[in-house]
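Reading the structure
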Amino acid sequence: MIKNRQQIKSSEPYNLALDCIKAGIEAANPETVVPDQVSIDGDELSIAGDTHDLGNYERVLVVGGGNAAATVASVLENILGDRISGGVVVTDNPTETDRVSVLPSDHPVPSERGVQSTRELLTVADETTADDLVLAVITGGGSALLPAPAAGISLQDLQQTTESLLASGATIHEINAVRKHLSDIKGGQLAAALAPAAVTGVILSDVIGNDLDVIASGPITPDRSTFDTALEVIDRYDVNLPDAVRDRLRRGVDGEIAETPREGDRVFDRVQPHVVADGNTALHSAAAVARDRDYVPLVLSSRIRGEASEAAKTMAAIAEECAATGSPVEPPAVLLSGGETTVSIDGDGTGGPNQEFALSAGLEVDVPGVTVASVDTDGIDGASDAAGGIVDSDTTLFTTEARDALDNNDAARFLERREGLVETGPTNTNVNDLRVVVIPSEE
């Protein structure tokens, strides 16, 4: 899984950190989690405890999108076989399927082929009837991978807005509040297209707290944000917007454009969402690896957020406390956290939140042997080709160079020179960030 492992430093803390990452990502793979949550016995289909009598439906369709959507669709085909009549999923990580069409898209910035693929998905959705059961596959990355620009919004408008939002430091909740109000599929609008079919969501969450209206911008979920919310985000972060985008948001605020479907809308009457994997799935598997190596694992939180370099300082401080006092856990120990940090881009370097987290934490921790690894479980940290980074105090001996890299948002190039990048390639899953801090016993 870790493609460049031979180039990364080999030591007990490094090896343990990388093994924890590997186990966490594998635990959240659809091939692992979906069979645990989805089964069939005769005509009875069970999904996360809810049952459906397939004899009541003329067709079973699979639709959706996200980084892991094709893998989920393939696993569903393995479970249901010829009970699946067809469907469409949109992804940047294709895999072979027999009955479900896998269409291409791009991440993290929407593309023309993504628009075409999403329009094809919506065509299939519009043709469903009350006699259909739809398995809606929703995974992380779906916000970018399912672009369907609303009337008056061009792809170029959407691309510029996305790039500006990603660079602003806004949270994913805030970013997706804007995206939902520039789209024909997000914010419950896929559910509207699928109605009156019965819809069961098979969801892999990459969002803190598993907020269903935020995962992939909530295509089958009532929207809690509004045009007002979206415009507030734009104003708060002083985001540079195309005129068409700002005009649409203002028209929405003025009531000239209908809001996205809300709680209580009848389009959700037959929708049942189920989260089958999330950040805790990865964290608990990583903890098991640490425990097997006689390290005490401590899961701090699956909801770490905020500026990456600042959040790293808090986790570094806890590691120092462990090493100095044995509190809150005595070494040898492994601290684990998940969630999603952000980066406000002021420089012109390369990298992502997890690389900045690792580098910042490494700069803070002055305890020999303490090793910090941080990755995005989808294998793509920000807009970089790496999943994240791994460091120890030796990595950041060149303090001025390391701090300059952070100031210029150039963690990737610094870590590459120090053999501190973690490269996985696409992982077939996406359950947010995974961070591992290894604190060995004092020799």
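It should be noted that the structure appears before, not after, this text.
Read on for an overview of the structure. (Residues numbered from 1 in each chain as written. Predicted model: local features only at pLDDT ≥ 70, side-chain atom pairs only at ≥ 80, totals over all residues. Heavy atoms only, no water.)

**Comments concerning empty space enclosed by the protein**
Tallying each qualifying case throughout the model produces two cavities of 30 Å³ or more. Considering the residues around the largest cavity, the lining is formed by Pro110, Ser143, Ala144, Pro147, Ala148, Pro149, Leu158, Thr162, Arg179, Leu182, Ser183 and Lys186. Residue classes in the lining of the largest cavity are distributed as seven nonpolar, three polar and two charged. One number sums up the size of the second largest cavity: a volume of about 40 Å³. (1 Å grid on protein atoms, 1.4 Å probe; cavity = no way out; pocket = protein on both sides within 12 Å on 5 of 7 lines; lining within 4 Å. Points joined across faces, edges and corners; volume = space filled by probe spheres on them. Nonpolar A, V, L, I, M, F, W, Y, C, P; charged D, E, K, R; others polar.)

**Looking at the pairing of strand 13 (residues 388-392)**
When a strand is regular, its side chains alternate between the sheet's two faces. Most of strand 13 sits out of view: five of its five residues are buried. Alternating positions in strand 13 separate into two faces, Gly388, Ile390 and Asp392 on one and Gly389 and Val391 on the other, with burial throughout. Summarising the sheet, strand 12 (residues 371-376) and strand 13 pair through five bridges and their orientation is antiparallel. The residue bridging Val372 from the neighbouring strand is Val391, located in strand 13. In this sheet, strand 14 (residues 421-422) lies alongside strand 13 in antiparallel orientation, the contact comprising two bridges. Considered in strand 14, the bridge of Gly388 is made with Val422. (Buried < 20%, exposed > 50% of the residue type's maximum accessible area, 1.4 Å probe, protein only. Helix = DSSP H or I, 4+ residues; strand = E, 2+ residues; numbered from the N terminus. Pairing = 2+ DSSP bridges.)

**Some details on the environment of Ala70**
Inspection of the secondary structure puts Ala70 in helix 3 (residues 69-80). Exposure remark for Ala70: the relative accessible area of 0% places this residue in the buried category. Measuring from C-alpha to C-alpha, the distance between Ala70 and Gly81 comes to 15 Å, with 11 residues separating the pair along the chain. The residues contacting Ala70, other than those within four sequence positions of it, are Val89, Thr91, Asn93, Pro94, Thr95, Thr97 and Val102. (Contact = heavy atoms within 4.5 Å.)

**Things to note about the pairing of strand 10 (residues 296-307)**
Pairing of strand 10 with strand 11 (residues 333-342), which is carried by nine bridges, proceeds in the parallel orientation. Along strand 11, the bridge assignment pairs Arg305 with Glu340. With helix 12 (residues 308-325) bridging strand 10 and its parallel neighbour strand 11, the resulting β-α-β unit is right-handed. (Right-handed = clockwise from strand over helix to strand, strands pointing away.)

**Describing the packing of aromatic side chains**
Where two aromatic rings form a pair, the distance of their centres and the angle of their planes describe that pair. Per the stated rule, a full pass over the model turns up zero aromatic pairs. Sitting above the plane of the Phe357 ring, Arg435 keeps its charged end 5.0 Å from the centroid. (Phe/Tyr/Trp six-rings, centres within 6.5 Å; stacked < 30°, edge-to-face > 60°. Lys NZ or Arg CZ within 6 Å of the ring centre and 35° of its normal.)

**Some remarks on the nonpolar core**
Leu335, Phe357, Leu359, Val370, Val437 and Ile439 are the most contacted members of the largest nonpolar core, which totals 31 residues. Looking at this core, the elements with two or more residues in it are helix 12, strand 11, helix 13 (353-364), helix 14 (399-407), helix 15 (411-417) and strand 15 (433-439). A total of seven residues in this core trace back to one element, the largest contributor, which is helix 12. When residues no more than four places from it in sequence are discounted, the contact partners of Val370 are Ala319, Val365, Val391, Asp392, Ser393, Val437, Val438, Ile439 and Pro440. (Core = buried A, V, L, I, M, F, W, Y, C linked by side-chain atoms within 4.5 Å.)

**Focus: the layout of surface pockets**
One number sums up the size of the largest pocket: a volume of about 850 Å³. Taken together, 43 residues line the largest pocket, and the ones lying closest to its centre are Pro108, Leu166, Pro353, Gly382 and Ala383. Those elements that place two or more of their residues in the lining of the largest pocket are helix 5 (142-145), helix 6 (155-168), helix 7 (172-180), strand 11 and helix 13. By residue class, the composition of the lining of the largest pocket is 16 nonpolar, 18 polar and nine charged.

Structural measurements only, silent on function.
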